[in-house]
Amino acid sequence: MTAPQLLVLFGSQTGTAQDVAERLGREARRRRLGCRVQALDSYAVANLIREPLVVFVCATTGQGDPPDNMKNFWRFIFRKNLPSTSLCQMDFAVLGLGDSSYARFNFVAKKLHRRLLQLGASALLPICLGDDQHELGPDAIIDPWLGDLWEKVLELYPVPIDLPVIPHGVPLPSKFTLQFLLEAPNPSSKESCLAISDSLGPPSESQPFLAPMVTNQRVTGPSHFQDVRLIEFDITDSGISFAAGDVVLIQPSNSAAHTQQFCHVLGLDPSQCFVLQPREPDVPCPPGLPQPCSVWQLVSQYLDIASVPRRSFFELLACLSPHELEREKLLELSSAQGQEDLCEYCSRPRRTILEVLCDFPHTAGAIPPDYLLDLIPQIRPRAFSIASSLLVHPKKLQILVAVVQYRTRLKEPRRGLCSSWLASLDPEKGPVQVPLWVRPGGLAFPETPDTPVIMVGPGTGVAPFRAAVQERVAQGQTGNFLFFGCRWRDQDFYWGDEWQELEKRGCLTLVTAFSREQGRKVYVQHRLRELGPLVWELLDRRGAYFYLAGNAKYMPTDVTEALMSIFQEEGGLSHPNAATYLARLQRTLRFQTETWA
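Presented here is a report on the structure given in the accompanying data block. (Residues numbered from 1 in each chain as written. Predicted model: local features only at pLDDT ≥ 70, side-chain atom pairs only at ≥ 80, totals over all residues. Heavy atoms only, no water.)

This brings us to the overall build of the protein chain. Along its length, the protein chain carries 19 helices and 22 strands. On C-alpha atoms alone, the protein chain measures out to a radius of gyration of 26 Å, which is about the 25 Å that the 2.2 N^0.38 rule sets for 597 residues. Considered along the principal axes of its C-alpha atoms, the protein chain spans approximately 80 × 60 × 50 Å. Burial statistics for the protein chain: of 597 residues in total, 51% are counted as buried. Looking at the protein chain alone, contacts between residues at least 24 apart form 76% of all its contacts between residues at least 6 apart. Counting only carbon and sulfur atoms, one obtains 52% of the accessible surface of the protein chain, whose full area is about 27500 Å². Distance between charge centres in the protein chain, computed from 58 positive and 64 negative side chains, equals 4 Å. (Helix = DSSP H or I, 4+ residues; strand = E, 2+ residues; numbered from the N terminus. Rg over C-alpha atoms; globule rule 2.2 N^0.38 Å. Buried < 20%, exposed > 50% of the residue type's maximum accessible area, 1.4 Å probe, protein only. Contact = heavy atoms within 4.5 Å. Areas by Shrake-Rupley, 256 points an atom, 1.4 Å probe, with all protein chains shown as cover. Lys, Arg positive; Asp, Glu negative; His and termini not counted. Charge placed at Lys NZ, Arg CZ, Asp CG, Glu CD.)

This part is about the packing of helix α17 (residues 532–541) against helix α18 (residues 555–569). The N-to-C vectors of α17 and α18 enclose an angle of 85 degrees; their axes lie 9 Å apart at closest approach. When the axes of α17 and α18 are compared, the pair comes out roughly perpendicular. When α17 is examined against α18, the residues Gly532, Val535, Trp536 and Leu539 are found in contact with a partner set consisting of Leu563, Ile566 and Phe567. In the contact of α17 with α18, the residues fall into six nonpolar, one polar and no charged. (Axes fitted to C-alpha atoms, helices over the stretch in contact; angles between N-to-C directions. Parallel < 35°, antiparallel > 145°, perpendicular 65-115°, else oblique. Nonpolar A, V, L, I, M, F, W, Y, C, P; charged D, E, K, R; others polar.)

Under the counting rule described, the total for this entry stands at zero disulfides. Free of any disulfide, Cys358 has its nearest cysteine sulfur in Cys263, 12 Å distant. Looking at Cys358, the relative accessible area reads 31%, which means it is partly exposed. (Disulfide = S-S within 2.5 Å.)

Turning our eyes to something else, we now look at the pairing of strand β18 (residues 453–456). Side chains Val453 and Met455 project from β18 onto one buried face, and the interleaved Ile454 and Val456 project onto a second face that is buried too. Judged from the four bridges that link them, β18 and strand β19 (residues 480–486) form a sheet pairing that is parallel. Looking at the pairing, Val456 lines up with Phe483 of β19. A crossover connection joins β18 to the parallel β19 through helix α14 (residues 463–474); in handedness this β-α-β unit is right-handed. As paired strands, β18 and strand β21 (residues 545–551) are joined by four bridges and run parallel to one another. By the bridge assignment for β21, Ile454 is matched with Phe546. (Pairing = 2+ DSSP bridges. Right-handed = clockwise from strand over helix to strand, strands pointing away.)

Looking now at the pattern of salt bridges. Overall, the coordinates contain 23 salt bridges when judged by the stated rule. The partner of Arg439 in a salt bridge is Asp68, and the shortest N-O contact between them spans 2.8 Å. One end of the pair, Arg439, is in strand β17 (residues 433–439); the other, Asp68, is in the loop between β3 (53–59) and α2 (71–77), with 371 residues separating them in the sequence. Asp227 serves as the salt-bridge partner of Arg218, at 4.0 Å between the closest nitrogen and oxygen. For Arg218, a relative accessible area of 34% translates into the label partly exposed. (Salt bridge = Lys/Arg side-chain N within 4 Å of Asp/Glu carboxyl O.)

Strand order in the open sheet formed by six strands is β13-β10-β17-β8-β9-β14, and the pairing between neighbours is antiparallel. Two strands bound the open sheet, and with one partner strand each, they are β13 (382–385) and β14 (396–402). This sheet shows a mean twist of 40 degrees between the axes of neighbouring strands, independent of strand direction. Note: strand β8 (residues 209–218) against β17, four bridges, orientation antiparallel. When the bridges of β17 are listed, Phe209 appears paired with Leu436.

With that out of the way, let us pick up unusual backbone geometry. Glycine aside, negative phi is the norm for most residues, and most peptide bonds take the trans geometry. Cis peptide bonds are those with omega within 30 degrees of zero, and the linkage from Gln291 to Pro292 qualifies with -5 degrees. Here Pro292 lies in the loop between β11 (273–278) and β12 (293–294). Positive phi, normally seen in glycine, also occurs at Asn106, with a value near 50 degrees. Under the relative-accessibility criterion, Asn106 is labelled buried at 0%. One non-glycine residue, Leu589, lies in the positive phi region at around 65 degrees. Turning to its location among the elements, Leu589 is positioned in the loop between α19 (575–587) and β22 (591–596).

Moving on, we come to helix α8 (residues 324–334). Because an α-helix completes one turn every 3.6 residues, residues spaced three or four positions apart along the sequence face the same direction. Those residues of α8 that fall on the buried side of the exposure criterion are Glu326, Leu330, Leu333 and Ser334. Along the axis of α8, the buried residues cluster in a sector spanning 95 degrees; they form a single face. Turned more than 90 degrees away from the buried face of α8, the exposed residues are Glu324, Leu325 and Glu328. Residues of α8 that are buried make contact with α7 (311–320), α9 (339–347) and α11 (361–364). (Arc of directions from axis to C-beta.)

So this is what it looks like as structure tokens:
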């Protein structure tokens with residue numbers, strides 16, 4: 001039987017699922033199997049009925065949500081009118097990526113697996129549930145599962161015996177070639193790889209708006225442990241429109257110092273220009289890179305050299321290394337047996353790609369430029385809740401940014417790429433432009449003027465609720481209840497004066513939890529329990545909507561438990577009936593969350 005082309009479809013939020021999908025593609029090519037790897041929303045889903053062999057790789061985000069780049073596919077595949085024999089010709093496998101510390105662990109992968117079976121597809125093997133919480137990371141589950149997958153695939157579709165497997169030590173051809181130019185192009189074409197050409201639609205990832213930064217103000221006290229910024233952008237003539245609950249995506253850049261260091265370690269001339277050429281005709285060039293492009297642009301604005309490298313990075317680096325000792329160590333770190341060492345070297349201390357390359361200088365200096373885009377992932381945009389309303393701040397867009405910085409055993413502190421980059425920009429020293437675009441968020445607010453809203457937003461989670469309160473007050477909507485929590489009233493009470501002024505005007509009911517101002521720590525879930533009768537009255541008798549935004553680790557579970565307690569104590573519901581009541585609120589969008597790791 002002629003081997004069909006394997007299709008690998010991925011839904012990825014942070015890049016991990018995409019990395020696993022691309023690993024599948026590489027392993028298929030080493031086994032001489034034809035393979036396509038695509039994001040789920042870039043695939044024409046109607047063609048799925050003709051696909052004989054598909055592997056789905058999907059992450060679970062937030063509270064059991066699909067990643068952004070598979071939401072259209074998700075809506076389609078769960079249409080109720082799809083026949084139960086739609087996919088009867090398909091053999092499939094599902095590989096999920098999740099975190100078992102969350103209640104809906106790998107929810108998306110599990111639900112997709114069930115749905116594909118409902119539509120008549122045949123599972124090649126049981127679902128794979130990769131777990132970030134495993135001491136060796138998700139690969140501890142994925143590695144043996146992939147071994148079973150290839151055994152099953154090659155049993156069904158054997159490869160001709162005269163086509164041997166390409167061994168792991170031999171690099172596969174690069175996806176692109178960099179054709180360097182002898183003469184630099186016109187300087188005006190190199191000013192920014194994100195320069196905007198005339199576009200009919202609103203700004204997007206492929207065509208962001210270069211927004212002038214107006215202000216960049218620290219809003220935490222000088223003695224507070226965290227630097228939090230209120231940043232405002234001018235979006236005049238951008239075509240950008242948004243409502244409360246929407247998010248802005250920002251495309252960050254590497255620092256000039258890191259860009260220069262990378263070029264030095266790899267022996268690259270940052271001013272040299274090249275044209276990117278795909279090796280295969282059906283492979284598109286990466287969006288956002290100009291043609292021609294300079295090495296400086298590629299490194300500073302595209303290659304994520306500040307990210308923590310994944311195992312695939314070490315696999316390819318080992319293939320490219322001419323240095324025996326370095327190659328031996330790289331092979332060890334990329335092997336299944338070396339995952340504890342890799343975790344200790346890279347994942348736990350959050351060592352970056354740039355730092356790893358500095359640790360392997362002979363290998364770094366020998367990397368062919370053609371492999372840069374195979375070796376290093378693209379810088380991904382970061383999403384921020386919009387913290388302002390166009391009704392109050394026309395032609396402006398504001399965000400609240402916690403600057404990420406922490407220490408590990410490494411000498412240099414770890415810094416979040418986007419938040420640190422934004423914090424470094426100072427519009428008072430000269431014009432600053434930031435590439436951004438807007439998309440709908442996970443929160444939608446009721447339009448009826450008399451529907452109350454309960455908003456729980458500790459810390460920077462309060463950002464989307466500032467936009468909502470501004471919008472609702474401007475439209476004359478009442479019944480705004482805000483539960484806000486932070487450490488200290490005088491250090492991190494974001495927009496405290498603004499909330500108190502609205503409270504005086506009767507436009508807002510504000511409930512605060514300052515966790516460190518008394519002997520016993522008090523959080524928003526404690527305030528909810530204290531005001532249980534009010535919360536039950538609003539939800540059960542006045543049809544209120546309940547919103548929750550903030551860190552995804554513990555707070556959503558704590559707040560949900562507080563609500564369950566209120567339903568039982570104030571509503572007289574049994575535990576099963578309280579769970580049913582909560583599920584109904586979620587199903588009717590009267591309980592919505594926007595959380596992040």
